[in-house]
Amino acid sequence: MSACKNCGKTLTPNEIGLTKKLVNRGSTEFYCMDCLCEIFKCDKELLEKKIEQFKKQGCVLFA
Ligand SMILES: [Zn+2]
């Protein structure tokens, strides 16, 4: 089970997928939604929209 590199929270598959999409496809270090918000200085709503968008595109990284 992967945990957030920053805060240690257990990650959902969507959070892992989002890190791969936003940070680095080959990343082995992942971040939770809250920490991704911090890193990208955006709100959670935007990241949730992004997940929906990637899902619609049929991205295999998202559950
Ligand atoms: Zn975190």
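Relevant structure appears above.
Residues numbered from 1 in each chain as written. Predicted model: local features only at pLDDT ≥ 70, side-chain atom pairs only at ≥ 80, totals over all residues. Heavy atoms only, no water.

## Concerning unusual backbone geometry
Right, on to step 1. The phi angle at Lys 41 is positive, at roughly 50 degrees, despite the residue not being glycine.
Right, on to step 2. Inspection of the secondary structure assignment puts Lys 41 in the loop between α2 (33-40) and α3 (44-56). (Helix = DSSP H or I, 4+ residues; strand = E, 2+ residues; numbered from the N terminus.)

## Focus: the nonpolar core
Nonpolar side chains tend to gather and get buried jointly when the protein is soluble and globular.
Right, on to step 1. Counting 18 residues, the largest nonpolar core has Cys 4, Leu 11, Leu 18, Leu 47 and Phe 62 as its most contacted members.
Right, on to step 2. For this core, the secondary structure elements donating two or more residues are α1 (13-22), α2 and α3. (Core = buried A, V, L, I, M, F, W, Y, C linked by side-chain atoms within 4.5 Å. Buried < 20%, exposed > 50% of the residue type's maximum accessible area, 1.4 Å probe, protein only.)

## What about the pattern of salt bridges?
Right, on to step 1. Following the criterion strictly, the structure yields three salt bridges and no others.
Right, on to step 2. Lys 9 is the partner of Glu 15 in a salt bridge, and the nearest nitrogen-oxygen pair spans 3.5 Å.
Right, on to step 3. Taking relative accessible area as the criterion, Glu 15 reaches 5% and is therefore assigned buried.
Right, on to step 4. A salt bridge links Asp 34 to Lys 44, with the shortest nitrogen-to-oxygen separation between them at 3.2 Å. Taken together, the positions of Asp 34 in helix α2 and Lys 44 in helix α3 put the pair 10 residues apart, joining distant regions of the chain.
Right, on to step 5. We classify Asp 34 as partly exposed; its relative accessible area is 40%. (Salt bridge = Lys/Arg side-chain N within 4 Å of Asp/Glu carboxyl O.)

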